[in-house]
Amino acid sequence: MSFSQDGSDLFSMLEEPTEAPSLLPDRMLVTQRLLWGEKGILRTSGIAPLTLEQRQKELKLRRTMLTAHQVLGYTTLAAMIAQGIIGGKLYTGQNDLYELHKDMATVVNVGYFTTAGLSLFTPPPLINKKVKGFTSIKAHKTLATIHFSAMVVTNIYKDKNKEVHKGAAYTAFGSYALAVLVFKF
Ligand code: HEM
Ligand code: HEM
């Protein structure tokens, strides 16, 4: 039996942690806190009580949602490239592409906002420590605020001002492609 400086039994110190580990990280996205926070809708409604078992299920759900996030994210990127090409031709007068552009717009919008929803409303991780300096995920999240705003402007100006529509759509595409590329660094 070995004793530590203060004479307490080393093994009991290992066996009995002083505080129960917190089930939620200190930091999480506002949208995640709305659902999964201590006072989140899913907690207060009793749908997802804040227990260890429940959190274990949520971490599995998080994994599934973030995998779907990436798969649908790549698919949306491909649809955006197609929409950009069609849009460019429509912009230079190929009006027979108008209906196709509108249909592709539905595909891009459903793909984009579902991809966003999968990450914005996924259950939070157990730990979410603040990390100094550049990280791919930090850059990804910062770029997400740019392409999300640009996608909203693209849709608002779709039938109001085609210059603003085009500019916003290209900004959305550029920052979105970058948000994927940052994971390569
Ligand atoms: C609608 C576009 C997108 C938005 C708004 C977005 C936003 C986010 C946000 C907020 C997170 C952090 C979630 C969290 O940690 O709880 C995240 C995680 C992530 N996103 Fe995206 N993202 C988008 C598209 C993509 C695409 C196209 C990819 C493809 C590479 C991608 C790959 C990832 C990865 C790898 C993570 C980290 C997952 C993890 O923690 O395991 N995202 N995204
Ligand atoms: C995220 C990508 C995009 C989405 C979701 C989108 C969506 C739309 C929608 C829904 C319309 C029909 C508006 C209406 O009349 O009801 C439209 C029109 C149009 N879009 Fe896009 N678009 C996108 C990208 C682009 C790009 C990149 C360009 C040009 C380079 C472009 C050029 C145009 C033009 C010229 C029109 C017709 C505007 C008019 O006749 O007033 N779009 N877009």
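Residues numbered from 1 in each chain as written. Chains lettered and ligands numbered in written order. Predicted model: local features only at pLDDT ≥ 70, side-chain atom pairs only at ≥ 80, totals over all residues. Heavy atoms only, no water.

Looking at the coordination of the iron atom of ligand 2
Okay, so step 1: Within the first shell, the iron atom of ligand 2 binds the protein through His101 (NE2) and His165 (NE2), at distances of 2.0 Å.
Okay, so step 2: Because the angles between the six donor atoms bound to the iron atom of ligand 2 fall within 88 to 179°, the donor set is best described as octahedral. Pair noted here: His101 is in helix 5 (residues 98-120) and His165 is in helix 7 (residues 162-181), with a separation of 64 residues, a long-range link. This pair shows no difference in class: His101 is buried, exactly as His165 is. (Donors = N, O, S within 2.8 Å, 3.2 Å for Na, K, Ca; no water. Tetrahedral: all angles 85-135°; square planar, octahedral: opposite > 155°, others 65-115°. Helix = DSSP H or I, 4+ residues; strand = E, 2+ residues; numbered from the N terminus. Buried < 20%, exposed > 50% of the residue type's maximum accessible area, 1.4 Å probe, protein only.)

Some points on the confidence of the model for the protein chain
Segments scoring low in pLDDT should not have their predicted coordinates read at a detailed level.
Okay, so step 1: Looking at the protein chain, pLDDT values average 91 and 89% of them are 70 or higher.
Okay, so step 2: Mean pLDDT across the elements of the protein chain ranges from a minimum in helix 1 (residues 10-15), with 56, to a maximum in helix 5, with 98. (pLDDT = per-residue confidence, 0-100.)

A few points about the environment of Pro49
Okay, so step 1: Tracing the chain through its elements places Pro49 in the loop between helix 3 (41-44) and helix 4 (52-91).
Okay, so step 2: Discounting chain neighbours no more than four positions away, the residues touching Pro49 are Arg43 and Gln54. (Contact = heavy atoms within 4.5 Å.)

Some points on the site of ligand 1
Okay, so step 1: Looking at ligand 1, there are 22 residues lining it, with Gln32, Arg62, Arg63, His69 and His140 nearest.
Okay, so step 2: Arg62 is positioned such that a nitrogen or oxygen atom in its side chain is 2.8 Å from an oxygen atom of ligand 1.
Okay, so step 3: With seven residues, the single largest contributor to the shell around ligand 1 is helix 4.
Okay, so step 4: For the shell around ligand 1, the per-class residue count stands at 10 nonpolar, nine polar and three charged. (Near = heavy atom within 4 Å. Polar contact = N/O pair within 3.5 Å; in protein donor to acceptor, adjacent residues only side chain to side chain. Nonpolar A, V, L, I, M, F, W, Y, C, P; charged D, E, K, R; others polar.)

Details of the environment of Ala150
Okay, so step 1: Structurally, Ala150 can be placed in helix 6 (residues 136-156).
Okay, so step 2: C-alpha separation for the pair Ala150 and Gly167, spaced 17 residues apart in sequence, amounts to 8.8 Å.
Okay, so step 3: Not counting residues within four places of it along the chain, the set of residues in contact with Ala150 comprises Ala168, Thr171 and Ala172.

Here we look at the site of ligand 2
Okay, so step 1: Close to ligand 2 lie 21 residues, the nearest being Gly87, Tyr98, His101, His165 and Tyr170.
Okay, so step 2: Note that an oxygen atom of ligand 2 is positioned 2.4 Å from one of the side-chain N or O atoms of Tyr98.
Okay, so step 3: One of the side-chain nitrogen or oxygen atoms of His165 is found 2.8 Å away from a nitrogen atom of ligand 2.
Okay, so step 4: Its residues placed into classes, the shell around ligand 2 shows eight nonpolar, eight polar and five charged.

Quick word on the packing of helix 4 against helix 5
Okay, so step 1: The geometry of helix 4 relative to helix 5 is characterised by a closest axis approach of 8 Å and an angle of 155° between their N-to-C directions. It follows from the interaxial angle that helix 4 and helix 5 lie roughly antiparallel. The hand of the helix 4/helix 5 crossing is left-handed.
Okay, so step 2: For the contact of helix 4 with helix 5, the per-class residue count stands at 17 nonpolar, 10 polar and no charged. (Axes fitted to C-alpha atoms, helices over the stretch in contact; angles between N-to-C directions. Parallel < 35°, antiparallel > 145°, perpendicular 65-115°, else oblique. Left-handed = near helix turned anticlockwise from the far one by under 90°.)

Comments concerning the coordination of the iron atom of ligand 1
Okay, so step 1: Taken together, the protein donors to the iron atom of ligand 1 comprise His69 (NE2) and His140 (NE2), at separations of 2.0 Å.
Okay, so step 2: One can describe the donor arrangement at the iron atom of ligand 1 as octahedral, given that its six donor atoms subtend angles of 84 to 179° at the metal. Of this pair, His69 sits in helix 4 while His140 sits in helix 6, and the two are 71 residues apart along the sequence. Taken individually, His69 and His140 each receive the classification buried, so the pair is uniform in this respect.

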